[in-house]
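# Topology and contacts: notes
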Amino acid sequence: MYSKEEAKKLKEQFWTNFGRFMSPIPNEEGLKVNWVNYKTGIKHLYFRMEVDNKTASIYIEISHPEKGIRELMFTQFQEYKTILHAELDEEWIWTENHDDEYGKTTARIGIELNKKASVFKVEDWPTLISFFKPRIIALDRFWSNAKYGFELFK
């Protein structure tokens, strides 16, 4: 078992390594991008990657505090569902009302790694990177075209 400080350090090392691994890869538009902290350019709209001691997940998070606007953004993503899934080459789970660990309601579109892998086991890192890499790149490809349909939310 790791102390809180050791666990934090291992997670930081993982994300640093992932960032270094991804840094030579430009985004769809040929520009340098921070893959770990991907910027969508839309307030309250994030591409998130999470990893813990059991699994990993990647998702689109819509966190607008106004329920109506959050619903509109989610509906707009539904309009792009076929394109998103084609770009990802897999179906993701759509959750219009997700309550996070702090009690905040968000909307999520995402997927979880379908096998056990831990950020605290360095030997699992290649599995985690192999899970995140193609999906964040596919999200970027999707977003390079779809972002124009979300400009009204800027």
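The structure reproduced in this document is the subject of the present report. (Residues numbered from 1 in each chain as written. Predicted model: local features only at pLDDT ≥ 70, side-chain atom pairs only at ≥ 80, totals over all residues. Heavy atoms only, no water.)

### Details of the side chain of glutamate 90
The criterion, for reference: Going along the chain from the N terminus, every DSSP run of H or I of four or more residues is numbered as a helix, and every run of E of two or more is numbered as a strand. Under this definition, polar contacts are N or O atom pairs within 3.5 Å; protein pairs additionally need one hydrogen-donor-capable and one acceptor-capable atom, and for neighbouring residues in sequence, both atoms have to be side-chain atoms. By definition in these notes, contact holds between two residues if any of their heavy atoms fall within 4.5 Å.
Secondary-structure assignment places glutamate 90 in the loop between helix H3 (81-88) and strand S3 (93-99). A distance of 2.7 Å separates polar atoms of two side chains, one belonging to glutamate 90 and the other to arginine 135. With sequence-adjacent residues up to four places away left out, glutamate 90 is seen in contact with His85, Ile111 and Arg135.

### Quick notes on the packing of H3 against helix H4 (residues 125-146)
The description of two packed helices rests on the angle between their axes and on the distance between the axes. Our working rule: Angles here are taken between N-to-C directions and fall from 0 to 180 degrees, while the axes themselves are lines fitted to C-alpha atoms, restricted in helices to the stretch in contact. Note on angle classes: values under 35 degrees are labelled roughly parallel, values over 145 roughly antiparallel, values of 65 to 115 roughly perpendicular, and the remainder oblique. Helix crossings are classified by the rotation of the near helix relative to the far one: an anticlockwise turn of less than a right angle makes the crossing left-handed, while a clockwise turn makes it right-handed.
Where H3 meets H4, the closest approach of the two axes is 8 Å, and the angle between their N-to-C directions is 140°. In this view, H3 runs oblique relative to H4, as classed from their interaxial angle. Viewed along their axes, H3 and H4 form a crossing whose handedness is right-handed. Within the contact between the two elements, H3 uses Ile83, Leu84, Glu87 and Leu88 and H4 uses Arg135, Ala138, Leu139, Arg141 and Phe142.

### Looking at the sheet that holds strand S1 (residues 45-51)
Defined as follows: Following DSSP output, two strands are said to pair if at least two bridges run between them.
Ordered by their spatial adjacency, four strands build an open sheet running S1-S2-S4-S3, and the pairing between neighbours is antiparallel. Lying at the two open borders of the sheet, with one neighbouring strand each, are S1 and S3. Ignoring which end each strand starts from, the neighbouring axes of this sheet average 30° apart. Bridge analysis of S3 against strand S4 (residues 105-112) gives five bridges, and the strand direction is antiparallel. Across the sheet, tryptophan 94 pairs through a bridge with isoleucine 109, a residue of S4.

### So, the packing of helix H1 (residues 4-22) against H4
Running from N to C, H1 and H4 point in directions that differ by 50°, and their axes come no closer than 11 Å. Classified by the angle their axes make, H1 and H4 are oblique. In this structure, H1 meets H4 at a crossing whose hand is right-handed. Across the interface between the two elements, Leu10, Gln13, Phe14, Trp15, Asn17, Phe18, Phe21 and Met22 of H1 pack against Trp125, Leu128, Ile129, Phe132, Lys133, Ile136 and Ile137 of H4.

### Some words on the pattern of salt bridges
For clarity, the threshold we go by: Any carboxyl oxygen of Asp or Glu that lies within 4 Å of a side-chain nitrogen of Lys or Arg is treated as forming a salt bridge with it. Type-normalised accessible area, obtained with a 1.4 Å probe on protein chains alone, sets the label of each residue: buried when under 20%, exposed when over 50%, and partly exposed for intermediate values.
All chains considered together, the criterion is met by six salt bridges. Note that arginine 48 is salt-bridged to glutamate 61, the shortest N-O span being 2.9 Å. Taken together, the positions of arginine 48 in strand S1 and glutamate 61 in strand S2 (residues 56-62) put the pair 13 residues apart, joining distant regions of the chain. The partly exposed category is assigned to arginine 48, whose relative accessible area is 31%. We note a salt bridge from arginine 108 to glutamate 61, for which the minimum N-O separation is 3.6 Å. Linking arginine 108 in strand S4 with glutamate 61 in strand S2, this pair joins segments that are 47 residues apart in sequence. Looking at arginine 108, the relative accessible area reads 16%, which means it is buried. A single network of salt bridges, built from pairs that share partners, joins Arg48, Glu61 and Arg108.

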